[in-house]
Amino acid sequence: MNLTEMTPFIQAYESPIFRFVIVVVTIILAFFVSKLATFYFRRSFREKMSKDHLEIVLKVISYSIIIIAILFFVLPTLNVQESSILVAGSVFGLVIGFASQSIVGNLISGLFLMIERPIKVGNLVNIDGNSGTVEDISIISTIIRTYDGLYVRIPNEKVFTTTITNYVANVARRFEYVVGIRYEDDADQAIDIIENLISENPFALKNPTPSVFVDTLGDNAVNIIVRIWAPVTDWYSVKTEMLWIIKKTLEENGIEIAFPQRTVWFANELSKKEIQ
Amino acid sequence: MFGSYDIPFNIEHEGISLSVEKEDNLYTYKRKAFYGTEEKTLLFDTGKVLLNPIEPLNRPKEITSFLLVEFDKSIVIGPGTSKIIYIKFPIEIGVFISNNKNFEILDVLTLVNQKFTLYGDPASGVICKYWNSSVYSKIPETNPIMEGVMEVKIENTTTRWVEVSKAVFNAYDMRIYYSHSLVSMKAKMKILGDQMAETVFSNAPLKAGMTKSIELYNARKVSVLGPKFLMGEGL
């Protein structure tokens, strides 16, 4: 093919409409390839990586494909020079700075959240009073699924500036019961029973050592404190199971859980009247 | 008990009953044990059931890939010394269904008590399956469906005496071998400092003629940390 034959193609390529079509097709193609790549990687590595790490890798792959498509295909097609990108970037930055402060705030907060990583996808957290599981951390917002199944979207700026409680950031967590037994019951025996129950539960950790001790001599009961460490993954189930087992086993051994009661002593013996 | 069984089969051992029976052109796997029962319907043309000792990290629930063996008496090892000790480790029994090349885990059984522990602190430590063992100078007697014997070569590379009370191992590298009377593993523990050591398994049987078990962890997952475990939170 000689230059004369190529002229219609060159003219067509220089046509703004043709370039617009190429740009649109390139962007659609980039999104399609990005979706295809994330689908493939998600399917291949779903069982080999944690959900949190996998989501980060998928985001990096997805954004990289789109950025490469824009830098190497879209911008050259539009004849955009590097110097003009810098100028445009400066102007764009100023415009963004004035017009879209909250969006940029969220975006920067999102980047810091991804770097600092106080929360990860799948973590159980409390952010600004919203307790639940982190479903996604995107550039602009963080999605939480509450324990009752609600979808809560929190802007990243809010996430970054508020107090975050991450219930599963550490691998183990402690919980505590106060078991009040009657004064006439044997507290040593109760402690032995509770310690045996803890040692029988696989998820009540051997170390840090659980502690069971008489804490206070209360108004109505001898209060025994029970402190147990459990893996964060099973903390709640251990907590809910153990208390009822302790109560039942103590009662099976003749140790009653005390309830509030008062013994009244009269200075003078009351006169008794027989009821017919 | 370990080995390959033609289907249908029925086995009863130490209070555990396992069977694969044909009922109405469908095979049914049944397990009865003191901690519960399990039933699964199997769809296949030909196959066998394999009973293998597997990594002791699946029961009652798989929450970690680390096994911590605490010694009932601490070992004090001299500078530059290398010695071999034997310890016991818990085993779980993997029930696999196979047709020549492919296999799939059907069930995991265990006859030993389960306990978890934390190695290190709650922020940087790891949850481990816990096991307590005496330290032996020669291969101890064991019940092979409950316990195995691990040969550990302890090497103190430091210039000081070091006290060791526990060892942590990564399940991704466990190489379990079995025979009729013994389940075994071989491991090395290289002491790198007063509070630091590295553990790794060797791919070798303790005695000649032992059969290699299916590696459930390596078959299922890829370890991000690698097979070695660096004990950096104390010995």
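Residues numbered from 1 in each chain as written. Chains lettered and ligands numbered in written order. Predicted model: local features only at pLDDT ≥ 70, side-chain atom pairs only at ≥ 80, totals over all residues. Heavy atoms only, no water.

## A closer look at the sheet that holds strand β1 (residues 3-6) of chain B
Residues and elements named next belong to chain B. Using the following cut-off: A pair of strands counts as paired when DSSP detects no fewer than two bridges linking them. The secondary structure listing takes helices from DSSP runs of H or I that are at least 4 residues long and strands from runs of E that are at least 2 residues long, numbered from the N terminus. Between N-to-C directions, angles span 0 to 180 degrees; the directions come from axes that are lines fitted to C-alpha atoms, helices contributing only their stretch in contact.
Taken in spatial order, the 4 strands make up an open sheet running β1-β6-β9-β10, and their pairing is antiparallel. Looking at the sheet topology across the chains shown, the edges are occupied by β1 and β10 (102-109). Going across the sheet, the axis of each strand differs from the next one's by a mean of 25 degrees, ignoring polarity. With 7 bridges connecting them, strand β9 (residues 92-99) and β10 associate as antiparallel partners.

## As for the confidence of the model for chain B
Detail in the predicted coordinates should be disregarded across regions flagged by low pLDDT. For the record, the criterion: Note on scores: pLDDT gives the predictor's confidence for each residue, bounded by 0 and 100.
Confidence in the prediction of chain B, expressed as mean pLDDT, is 87, and 96% of residues score 70 or more. Here the predicted complex carries an ipTM of 0.87, next to a pTM of 0.76.

## Concerning the packing of aromatic side chains
All names here are of chain A. Convention followed: Pairing of aromatic rings covers Phe, Tyr and Trp, the last counted by its six-membered ring, and requires centre-to-centre distances within 6.5 Å; plane angles under 30 degrees mean stacked, over 60 mean edge-to-face, and any other angle means tilted. For every residue, the accessible area obtained with a 1.4 Å probe (protein chains only) is divided by the maximum for its type, and the residue is called buried under 20%, exposed over 50%, and partly exposed between those limits. Whether a charge lies above a ring is judged from NZ of Lys or CZ of Arg, which has to be within 6 Å of the ring centre and within 35 degrees of the ring normal.
In this structure the tally under the stated criterion is 9 aromatic pairs over all chains. Considering the side-chain rings of Phe175 and Tyr177, the 5.3 Å spacing of their centres and the 65 degrees angle between planes classify their relative orientation as edge-to-face. Of the two residues, Phe175 and Tyr177, both sit in the buried class. Residues Trp235 and Tyr236 carry aromatic rings whose centres are separated by 6.1 Å and whose planes lie at 40 degrees to one another, so their mutual orientation is tilted. Residue Trp235 is classed as buried on the basis of its relative accessible area of 14%. On the basis of relative accessibility, which here comes to 58%, the residue Tyr236 falls in the exposed class. Note that Arg173 overlies the ring of Trp235, its terminal NZ or CZ placed 3.5 Å from the centroid.

## What to know about helix α7 (residues 187-200) of chain A
Residue and element names in this part refer to chain A. The condition that has to hold: Any helix carries an expected span of 1.5 Å times its number of residues minus one. Arc definition: it is the arc formed by the directions from the helix axis to the C-beta atoms. Any two residues having at least one pair of non-hydrogen atoms within 4.5 Å are treated as being in contact. Side-chain atoms alone can form a polar contact between residues adjacent in sequence; in general such a contact is a pair of N or O atoms within 3.5 Å, and within protein one must be able to donate a hydrogen while the other accepts it.
For α7, spanning 14 residues, the distance from its first C-alpha to its last is 20 Å, which sits close to the expected 20 Å at 1.5 Å a residue. Residues of α7 that are buried: Ala187, Ala190, Ile191, Ile193, Ile194, Leu197 and Ile198. The buried side chains of α7 occupy one side of the element, clustering within an arc of 165 degrees when seen end-on. In α7, the exposed residues that point more than 90 degrees away from the buried face are Asp188 and Glu200. Looking at the buried side of α7, the elements it contacts are β6 (172-181), β7 (211-217), β8 (222-231) and α8 (235-252). Two to three positions downstream of the cap, the backbone nitrogen of Asp188 sits 3.0 Å from a side-chain oxygen, assigning the N-cap of α7 to Asp186.

## Some remarks on the domain arrangement of chain A
Interfaces are frequently sized by the accessible area removed from exposure as the parts join. Short version of the rule: An automatic or database domain assignment provides the domain bounds reported here.
Domain annotation of chain A identifies domain 1 (8-99), domain 2 (118-166) and domain 3 (172-252). If you average the C-alpha positions of domain 2 of chain A and of domain 3 of chain A, the two centres end up 33 Å apart.

## Focus on the side chain of B:Thr142
Structurally, the position occupied by B:Thr142 is in the loop between β13 (135-136) and β14 (147-156). Not counting residues within four places of it along the chain, the set of residues in contact with B:Thr142 comprises B:Lys88, B:Glu147, B:Gly148, B:Val149 and B:Leu182.

## A look at the packing of α7(A) against α8(A)
Residue and element names in this part refer to chain A. For the record, the criterion: Each angle is binned into one of four classes, with values under 35 degrees roughly parallel, values over 145 roughly antiparallel, values of 65 to 115 roughly perpendicular, and all other values oblique. We call a crossing left-handed when the near helix sits turned anticlockwise from the far one by less than a right angle, and right-handed when that turn is clockwise. Asp, Glu, Lys and Arg are counted as charged, while Ala, Val, Leu, Ile, Met, Phe, Trp, Tyr, Cys and Pro are counted as nonpolar; the rest, among them Gly, fall into the polar class.
One can describe the packing of α7 onto α8 by two numbers: an axis separation of 10 Å at closest approach and a directional angle of 140 degrees. Between α7 and α8, the angle falls in the class oblique. With respect to the hand of their crossing, α7 and α8 are arranged in right-handed fashion. For the pair α7 and α8, contact is made by Ala190, Ile193, Ile194, Leu197 and Ile198 and by Met242, Ile245, Ile246, Thr249 and Leu250, respectively. Residue composition of the contact of α7 with α8, grouped by class: 9 nonpolar, 1 polar and no charged.

## Notes on the nonpolar core
Inclusion rule: We define a nonpolar core as any set of buried Ala, Val, Leu, Ile, Met, Phe, Trp, Tyr and Cys residues linked to one another through side-chain atoms lying within 4.5 Å.
One finds B:Leu18, B:Met150, B:Phe169 and B:Met189 to be the most contacted residues of the largest nonpolar core, which totals 63 residues. Per-element accounting of this core gives the leading share, 7 residues, to strand β7 (residues 66-77) of chain B. Beyond its immediate chain neighbours, meaning those up to four positions away, B:Met150 contacts B:Ile85, B:Tyr86, B:Ile87, B:Phe89, B:Phe169, B:Met185, B:Ala187 and B:Phe201. Counting residues in each nonpolar core, the second largest holds 30 residues, with A:Val179, A:Ile198, A:Phe203 and A:Met242 among its members.

## A short note on the interface of chain B and chain A
To keep it simple, the criterion reads: Each of two parts loses accessible area, computed with a 1.4 Å probe, when they are put together; buried area is these two losses added. Each salt bridge in this description consists of a side-chain nitrogen of Lys or Arg and a carboxyl oxygen of Asp or Glu lying within 4 Å of one another.
Taken residue by residue, the interface counts 15 residues in chain B and 19 residues in chain A. Here chain B and chain A share an interface that buries about 1500 Å² over both sides, 63% of which is from carbon and sulfur atoms. Per-residue buried area on chain B facing chain A is highest for B:Lys115, B:Leu118 and B:Pro122; these three make up 34% of the total on that side. The interface formed by chain B and chain A holds 1 salt bridge in total. Linking B:Lys61 and A:Asp234 is a salt bridge whose minimum nitrogen-to-oxygen distance equals 2.5 Å.

## Some thoughts on the environment of B:Lys30
All names here are of chain B. Summarising the element assignment, Lys30 is placed in strand β4 (residues 26-33). As a C-alpha pair, Lys30 and Val20 span 10 residues in sequence and 6.4 Å in three-dimensional space. Filtering out sequence-adjacent residues up to four positions away, Lys30 remains in contact with Ser17, Leu18, Ser19, Glu21, Glu23, Glu38 and Glu39. Separated by 3.4 Å, the side chains of Lys30 and Glu23 make a polar contact.

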